[in-house]
Amino acid sequence: MMRRARQRGHAMIELAVSAVVMVSCVAGTVQFGYTFYVYNQLVTAVGNGGRYAAMRTYRAAAQPDIEKGNAAIRNMVVYGDSRPSPDAVPQVANLKPEQVQVDWVMDESGKPAAVNVSIVDYTVDAAFGMFRFTGKPAVEYPFVGRFAPAEREP
Amino acid sequence: MRVRQKGFVLIAMSVAMVVMLAVMGLAFDFGRIYIAHNEAQVFTDAAAMAAASKLDGTDAGLERARQAVAKLPMRWNLGTKSFTGVVVEFSPDKRSWARVTAPDNQVEITFLRAVGGQPVLTVPAHSVAAAKPVRLVE
């Protein structure tokens with residue numbers, strides 16, 4: 001009788017110890033697995049947006065035209081579409097166009113030479129704890145599109 | 001009865017641990033491998049485009065193309081490592097296309113190594129770009 005009771009206590013302690021190990025392993029797996037999955041999606045999104053930016057016509061009649069072009073690039077990163085419908089769903093969970101940064105690299109003559117697309121201030125909302133990405137993932141594409149300094153964005 | 005029960009948890013735990021390591025390896029290591037591959041692919045895509053845009057049929061053009069590839073600031077391994085050993089090749093006429101290969105991106109394996117995986121996996125990527133691209137977007 002005495003012995004049985006003592007064994008049951010043993011089992012409880014063993015369960016407690018192994019549960020701590022098991023649960024933390026599962027939690028870590030979920031956490032990192034999901035974070036890597038989201039990061040991979042971000043790499044793809046930024047790469048696609050960068051290629052779109054590189055091949056897009058750079059219209060620069062005035063500052064609002066440049067802004068409009070950049071907005072189209074941000075939409076391409078987030079929605080996979082430069083002109084998304086109002087109910088479009090982001091390709092990456094909770095990604096917003098404001099979290100995409102588009103920087104143009106100009107050459108000496110003031111023409112766009114390259115475009116830099118990166119993610120700023122994006123937080124992965126995984127099961128336990130958060131990861132914040134700023135400045136990465138980032139891509140730089142050479143500009144190979146048409147430069148139209150006098151044209152307006154339609 | 002008591003003698004047979006002793007050590008059961010130990011055996012169960014060690015079997016479960018191996019399975020657990022394998023599952024963690026699938027999530028963690030494969031996650032990193034896929035990211036490394038994706039990062040390398042995006043890099044070679046951009047690099048091939050950069051190289052192809054500089055081609056003009058001369059040796060100076062090839063040199064400018066190589067410099068354009070070397071100048072790209074992109075990194076891999078979650079944006080921490082620069083690409084090394086990047087190979088840039090060109091069409092024989094020096095004006096049609098460029099091919100960029102990032103051959104030795106070695107991802108260190110963490111968990112799968114514990115269950116018999118290899119310690120390092122090389123994740124190469126390559127891209128080809130034409131010098132006169134068909135412009136599909138306006």
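Just so you know, these numbers come straight off a predicted model, no measurement behind them.

Re the overall build of chain B
Okay, so step 1: Secondary structure assignment for chain B yields 3 helices and 7 strands.
Okay, so step 2: Compactness check: chain B gives a C-alpha radius of gyration of 23 Å against a globular reference of 14 Å for 138 residues, more than 25% above the reference.
Okay, so step 3: Counting the 138 residues in chain B, one finds 33% classified as buried.
Okay, so step 4: Pairs at least 24 residues apart make up 64% of the contacts formed inside chain B by residues separated by at least 6 positions.

Things to note about the confidence of the model for chain B
Okay, so step 1: Of all residues in chain B, 91% have pLDDT values of 70 or greater, and the mean over the chain is 86.
Okay, so step 2: Here the complex is predicted with pTM 0.87, and the ipTM for its interfaces comes to 0.86.

Observations regarding the interface of chain A and chain B
Okay, so step 1: Between chain A and chain B, the contact holds 29 residues from the first and 29 residues from the second.
Okay, so step 2: Those elements that provide at least two residues to the side of chain A that touches chain B are α1 (2–55) and β6 (138–142) of chain A.
Okay, so step 3: Ranked by the residues each element gives to the side of chain A that touches chain B, the list is headed by α1 of chain A, at 18 residues.

Some points on unusual backbone geometry
Okay, so step 1: Lysine 136 of chain A connects to proline 137 of chain A through a cis peptide bond whose omega is 0°.
Okay, so step 2: Turning to its location among the elements, proline 137 of chain A is positioned in the loop between β5 (130–133) and β6.
Okay, so step 3: A positive phi angle is found at asparagine 77 of chain B, which is not glycine, with a value near 55°.
Okay, so step 4: Position of asparagine 77 of chain B among the secondary structure elements: in the loop between β1 (75–76) and β2 (81–82).
Okay, so step 5: If you check the backbone angles, leucine 78 of chain B has positive phi at about 60° while not being a glycine.
Okay, so step 6: Classification of leucine 78 of chain B as partly exposed rests on a count of 17 C-beta atoms within 10 Å.

Conventions we followed
- Residues numbered from 1 in each chain as written.
- Chains lettered and ligands numbered in written order.
- Predicted model: local features only at pLDDT ≥ 70, side-chain atom pairs only at ≥ 80, totals over all residues.
- Helix = DSSP H or I, 4+ residues; strand = E, 2+ residues; numbered from the N terminus.
- Rg over C-alpha atoms; globule rule 2.2 N^0.38 Å.
- Buried ≥ 20, exposed ≤ 12 C-beta atoms within 10 Å, placed from the backbone.
- Contact = placed C-beta atoms within 7 Å.
- pLDDT = per-residue confidence, 0-100.

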